[in-house]
Amino acid sequence: MNRNFVLTAFILFSGLFLMSQTPLDPQPAQSAASSPHKTELIRMLEKRFNITDRNIITALRSTSRADFLPEEFQRHAYIDISLPVDNNNLIISYSDLLKGITSLRNPRREKALVIGRNSSFTAVILSFLYREVYLIESNIALQNRTGALIRERHPNIIPAYTTNFSSFNANAPFDLVFINGSINEFTAAYLNLLTQNGEAIFALSDMYGFSVLHKATRIGASYNLIALGEVLFSPLN
């Protein structure tokens, strides 16, 4: 069993489950701002993660996860699970995202780099916390869906739709590197993108495809590593 098999099985199961929850005569979708499901979810998340940072709360309230999903899954945007975007691709759950964000201790919040597949939603949430967010979205097919939204609503996000993860190396160092995908190893290439005391959030996957979220804090030429809990991320590549 490998991580692609686990991910594919989860996407298939999620798709079948969510489609089974769709009413035969669906009502028009409510706006993100008025959705009672969203309000309920955010209240639950605030309590679960003991969120007191008003910027995080504003980010959750202001951002519609439905904007980053295919139409058939938009009505499920405020169920707190990872959701399929297309074959072998997921958008991460709110809880998986907040495991990383609520662990951050760096008070500078100047520059962040977000890389990975289906990472635009993560970048938008972080745009409420960091002055500049550099986004490398490797699911190039999402450019038409998310590119205009980012340009119009989030001018502090600098996006690139490419599989070249070194696109923004010239803008390093960053206070945060958020790897929106599971990797096998946290290497010096990632560490060298960080400022001193800068933080990296990433999921390390095992041989069976299960992932644990980690935070690395740069200390000189090395780093301190802590585990943040199990998550479901798409593979980075």
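Throughout what follows, the structure given in this document is the object of discussion. (Residues numbered from 1 in each chain as written. Predicted model: local features only at pLDDT ≥ 70, side-chain atom pairs only at ≥ 80, totals over all residues. Heavy atoms only, no water.)

This part takes up the overall build of the chain. Within the chain, the secondary structure is distributed over seven helices and nine strands. Each of the 237 residues in the chain was classed as buried or not, and the buried ones make up 51%. Across the chain, contacts joining residues at least 24 apart in sequence account for 58% of those joining residues at least 6 apart. (Helix = DSSP H or I, 4+ residues; strand = E, 2+ residues; numbered from the N terminus. Buried < 20%, exposed > 50% of the residue type's maximum accessible area, 1.4 Å probe, protein only. Contact = heavy atoms within 4.5 Å.)

So, about the packing of aromatic side chains. Enumeration over the complete set of coordinates arrives at eight aromatic pairs. Summarising the aromatic geometry, the rings of Y94 and F121 are spaced 5.6 Å apart at their centres and angled 80° between planes, so their arrangement reads as edge-to-face. Of this pair, Y94 sits in helix α4 (residues 94-101) while F121 sits in helix α5 (residues 120-126); the two residues are 27 residues apart in sequence, bridging distant segments of the chain. This pair shows no difference in class: Y94 is buried, exactly as F121 is. Three or more aromatic residues joined by ring pairs form one cluster here, namely F68, Y78, Y94 and F121. A cation over a ring is seen here: K111 above F174, with NZ or CZ 5.4 Å from the ring centre. (Phe/Tyr/Trp six-rings, centres within 6.5 Å; stacked < 30°, edge-to-face > 60°. Lys NZ or Arg CZ within 6 Å of the ring centre and 35° of its normal.)

The subject of this paragraph is the packing of helix α2 (residues 36-48) against helix α3 (residues 54-62). Where α2 contacts α3, the two axes come as close as 10 Å, and the packing angle between them is 155°. Comparing their axes, α3 and α2 come out roughly antiparallel. For α2 against α3, the interelement crossing comes out right-handed. Of α3, the residues touching α2 (which contributes K38, I42 and E46) are I57, L60, R61 and S62. Here the contact of α2 with α3 is built from residues that sort into three nonpolar, one polar and three charged. (Axes fitted to C-alpha atoms, helices over the stretch in contact; angles between N-to-C directions. Parallel < 35°, antiparallel > 145°, perpendicular 65-115°, else oblique. Left-handed = near helix turned anticlockwise from the far one by under 90°. Nonpolar A, V, L, I, M, F, W, Y, C, P; charged D, E, K, R; others polar.)

Given 3.6 residues to a turn, an α-helix orients residues that are three or four positions apart in the same direction. Of all eight residues that make up α4, eight are buried, and the element is covered over most of its length. Among all positions in α4, only Y94, S95, D96, L97, L98, K99, G100 and I101 are buried.

With that settled, the discussion passes to the sheet that holds strand β8 (residues 211-219). An order of β5-β4-β3-β6-β7-β8-β9 is seen for the seven strands of this open sheet, with the pairing classed as mixed. The open sheet has two free edges, formed respectively by β5 (157-161) and β9 (222-231), since each of these has just one partner strand. Across the sheet, the axes of successive neighbouring strands diverge by a mean angle of 15°, strand direction being ignored. Examined bridge by bridge, strand β3 (residues 111-116) and strand β6 (residues 174-183) share four bridges and lie parallel to one another. Following the sheet pairing, L113 is matched in β6 by V177. Against the sheet, α4 engages β6, β7 (194-205), β8 and β9, with an angle of about 155° to β9. Lying over the sheet, helix α6 (residues 143-153) contacts β4 (132-137) and β5, oriented at roughly 160° with respect to β5. (Pairing = 2+ DSSP bridges.)

Read these as geometric descriptors, not functional statements.
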